[in-house]
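Fold and geometry: a report
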Amino acid sequence: MELYSLGVHELRRMLDKGEVTAKEIITSVYSRIDAVEQKIKAYVTLPRTEAFLMAEKADRDLSAGTNKVMTGIPVAVKDNMCTKGVPTTCSSKILRNFIPPYESTVTSKLIEAGYVLAGKTNLDEFAMGSSTENSGFHTTRNPWDTQRIPGGSSGGSAAAVAADECIAALGSDTGGSIRQPASLCGVVGMKPTYGRVSRYGLVAFASSLDQIGPITKNVTDCAMLLNVISGRDLRDSTSAPIGVPDFTAAIGKDIKGMKIGVPKEYFIEGMDPEVDAAVREAIRKFESLGAVPVDVSLPHTGYAVATYYVLATSEASSNLARYDGVKYGFRAEGKDLIDTYMRTRAEGFGPEVKRRIMLGTYALSSGYYDAYYRKAQQVRTLIKDDFEKVFREVDVIVTPTSPTAAFRMGEKTEDPLQMYLADIFTISVNLAGVPGISVPCGFTTGNLPIGLQLIGKHFDEETLLTASFAYEQSTEWHKRKPAL
Amino acid sequence: MKYESVIGLEVHAQMSTDTKIFCGCSTKFGAEPNSQTCEICIGMPGVLPVLNRKALEFAIRTGLAMHCSISPYSRFARKNYFYPDLPKGYQISQFEHPICEGGFVEIVVEGETKRIGITRIHMEEDAGKNIHEGNGSYSFVDLNRAGVPLMEIVSEPDIRSAKEASEYMKKLRTILRYLGVCDGNMEQGSLRCDANVSVRPAGRKEYGTRAEVKNINSFRFVEKALEYEIKRQIRVVEEGGKVIQETRLWDSAKGITESMRSKEEAHDYRYFPEPDLVPIAAEQRWIDEIGASLPELPDVKRERFTSEYGLPEYDADLLTTEKAVAEWFEESIKAGGQPKAVANWMMGDLMRLLNEENREIADCPLKPPQLADMLKLIDKGTISGKIAKTVFEEMYRSEKNAEEIVREKGLVQISDESAIEKIVDEVIAKHQKEAARFRAGEEKLLGFFVGQAMKAMKGKANPQVLNELLRKKLS
């Protein structure tokens, strides 16, 4: 067994016992990167020198006995989280040369916990997309079939984990951007409760929906990483002043009698029958483990995509206004100020980003605000209420993560609406602010991974982890590796 | 036809917090460009604002002092527009849910007290500053001011003349300085004023079309700019034209307002709730604490100065415009000074000396008890009022006490009758002709004799004794 193929908790044990060094691990991971990265293109930046320096420091900490939970573990970070001194591009031309002079809170916490930065991973430009095809640089390939996309927007992180180009990764999820690529790449991905993880240093797409979370090879690693990154941050007013439990304690608990809601709105016409079958099979598996399926309804589900695309684009249109070429990043000189603004943004942003800026600008415009933005906020409340009502009856909700397995490159690029529907099952979770996790639950006949989504109550990631781990331990899906 | 003007003011007051509203950078004025900035106020990718509690406290403080209600639910909003001095491409302000609503302040115009309603007070961040130097092909941006906390105080359209507007501005400045929430310096930009102005035939209920006048950046110009704009609008109406809704810029050099942009060109700011900041629900207990810590406000103080010290309205008004002046006054009273006398010396010689040096009363070298002590010397007859003028100025300059100065300079008043009599005799002997004219009824010549005698005695004669002796000898 190669070191790169192992998970966080396995390597942790080996490191702490002195069976392996951090340098051996990063060497192994980088040999894997050297071997497969050309095919996968998961990364935007590979800071090899810094990674080895961090591993050396980890080894010093290990011999000094000051090792912590992530000491020596190579983690890939989505390239929309600021890393001091390391380029942070958001896979956008407009930030191609941007090197942050500050560290995001999540990576600060990882540094504090001793991690090794494996690299910065590719994403759809500014996290806007579901395939990484909107990256300003290149498209990441699905390790299970390199003609297919890995999902998005955290496609680089999910592919890097699936291809063993890192031990674990961080993604960000605004409408499904962790869970959908995790599902399509056959790995575990969690979007925590909004407010659980600080957003400081995460380049904003839609501030009221964005949330950082782990993408890992198994549920245990997810809990370990979540332990490190969670918690109130005084630099993020929207981070919740709420205690953080030890999430690994949720691992291994019994799920007998756990009530599992199955919402009828998530099993729809036009869904891939193989996905439908795999998810129903997973529900039966839960039943066999002692959980109790309950039919539930989330009646406003049908409005989620429309609501999301009004709110997310509105916030994005404002969040992306700062990229004007005046202070940092790319600038295209024009004949005057207005011309410089227009040329900078015309050349710096890709077509999907521009489309969303225009949509959002329109939705916020005077005369349209009430019909779009305000109305969408009202619907958002209804969607949140749907979840709260259902959670009075059940402990978790299970659904497919994505209506289909990984699609081919170029298959949906011509039709943005088709692409938007890739997130149809994940978007409501962001609107409601509740946590969601995707775990592998099968494969298509074409050997493509299928993901199961579990949705929990606000700040109840523990139940999600308990249920996911119980399911994972009763299946073999997470042990399969793509042939590369 | 007679016209009436209707004016509402939007006043931006820079809060005197030590740090910016959403980050920890200093707010100090006049530092090296961009030396007081960080990733947050520069608007770098991924950064987030965190509200400065002091700024919120200052806004609540101001709201309470202006009789506003403090909103139990308040929110920030984003005001979106592109400009190089606005690093994020939006300004964090308040829109639908301002922190304070529905208050008033009182002004006195021509002896009448008038209430000006306050529609709302909201918090927002300031923008940076563009500096246009060099050859014109480029400009500089200084972001030191970006993120400095502001309050926008919006009045009801209750103001009816340029004079009232100016009184209202002065009153706001006084209150803000009393509260210690803003230094009130219009020239440095810590107090800025935009005015919505319209005119209508006297007696009509409906408002006319209003124009917004911007860039009124000095107290001197509040009245001038508004007078101009009112006259301009009346002229437009009288010539059969229509006032158009537009933004106009006051040009202080030319003394006119000029059209900047029309309603059609107005920005659509696309306000929406700021998702990076949680709503504010200030605890009632905290609000009460802030309320209890408010200082005695100028209106109340003025009343008290007339009733407690028997000062005329005029004096009370002047002495309570600045809190520090009122405090100086009261300290002097506490040290034994007679109120009206202290008031006179303060409004006269003290203000003159401070103005000459452009000094605030806070850095006045003369301390209140020193004035009280000097007044006692006058009362005891040790020095005359006239000598006191010299003593006062000397106290101010040398920082010595009155008694010390009197002793050192030999300024003690001569009340000894025999000493004065000797001089009186000499003066009369020297000016026989004038003495004859006085005796013939030319009474006003008494002053001439007083002057001559004082001159001979270097001003030290007790004027009462001198007067009496002169009258006696000349009759």
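Everything in this summary refers to the structure shown in the same document.

Looking at the environment of D315 of chain B
Residues and elements named next belong to chain B. In this fold, D315 is placed in helix α6 (residues 313-320). For the pair formed by D315 and K340, sequence separation is 25 residues and the distance between their alpha carbons is 8.7 Å. Those residues in contact with D315 that sit more than four places away from it in its chain are K340, A343, N344 and M347.

Points about the packing of helix α13 (residues 432-439) of chain B against helix α14 (residues 445-456) of chain B
Residues and elements named next belong to chain B. At a minimum axis distance of 9 Å, the contact between α13 and α14 shows a crossing angle of 145°. Read as a crossing pair, α13 and α14 show a hand that is left-handed. Contacts between α13 and α14 involve E434, A435, R437 and F438 from the first element and L445, L446, F448 and F449 from the second. Classifying every residue of the contact of α13 with α14 by side-chain character gives six nonpolar, no polar and two charged.

Some thoughts on the packing of aromatic side chains
The geometry of an aromatic ring pair comes down to the distance between the two centres and the angle between the two planes. Scanning all chains against the criterion turns up 30 aromatic pairs over all chains. Ring geometry for Y323 of chain A and Y328 of chain A: centres 6.3 Å apart, planes at 75°, overall edge-to-face. Given the relative accessible area of 10%, Y328 of chain A is considered buried. On the basis of an interplanar angle of 75° and a centroid distance of 5.3 Å, the ring pair of F305 of chain B and Y309 of chain B is categorised as edge-to-face. In this pair, F305 of chain B and Y309 of chain B both sit in helix α5 (residues 298-309), four residues apart, roughly one turn of the helix. F305 of chain B sits in the buried class, given a relative accessible area of 0%. Here Y309 of chain B falls in the buried class, since its relative accessible area comes to 16%. Taken together, the ring pairs in this structure connect F98, F126, Y323, Y328 and F349 of chain A into an aromatic cluster. Above the plane of the ring of Y269 of chain B lies K79 of chain B, whose end atom (NZ or CZ) is 4.4 Å from the centre. Looking at R115 of chain B, its charged tip hangs above the ring of F104 of chain B, at a distance of 3.7 Å from the centre.

Conventions and cut-offs
- Residues numbered from 1 in each chain as written.
- Chains lettered and ligands numbered in written order.
- Predicted model: local features only at pLDDT ≥ 70, side-chain atom pairs only at ≥ 80, totals over all residues.
- Heavy atoms only, no water.
- Helix = DSSP H or I, 4+ residues; strand = E, 2+ residues; numbered from the N terminus.
- Contact = heavy atoms within 4.5 Å.
- Axes fitted to C-alpha atoms, helices over the stretch in contact; angles between N-to-C directions.
- Left-handed = near helix turned anticlockwise from the far one by under 90°.
- Nonpolar A, V, L, I, M, F, W, Y, C, P; charged D, E, K, R; others polar.
- Phe/Tyr/Trp six-rings, centres within 6.5 Å; stacked < 30°, edge-to-face > 60°.
- Buried < 20%, exposed > 50% of the residue type's maximum accessible area, 1.4 Å probe, protein only.
- Lys NZ or Arg CZ within 6 Å of the ring centre and 35° of its normal.

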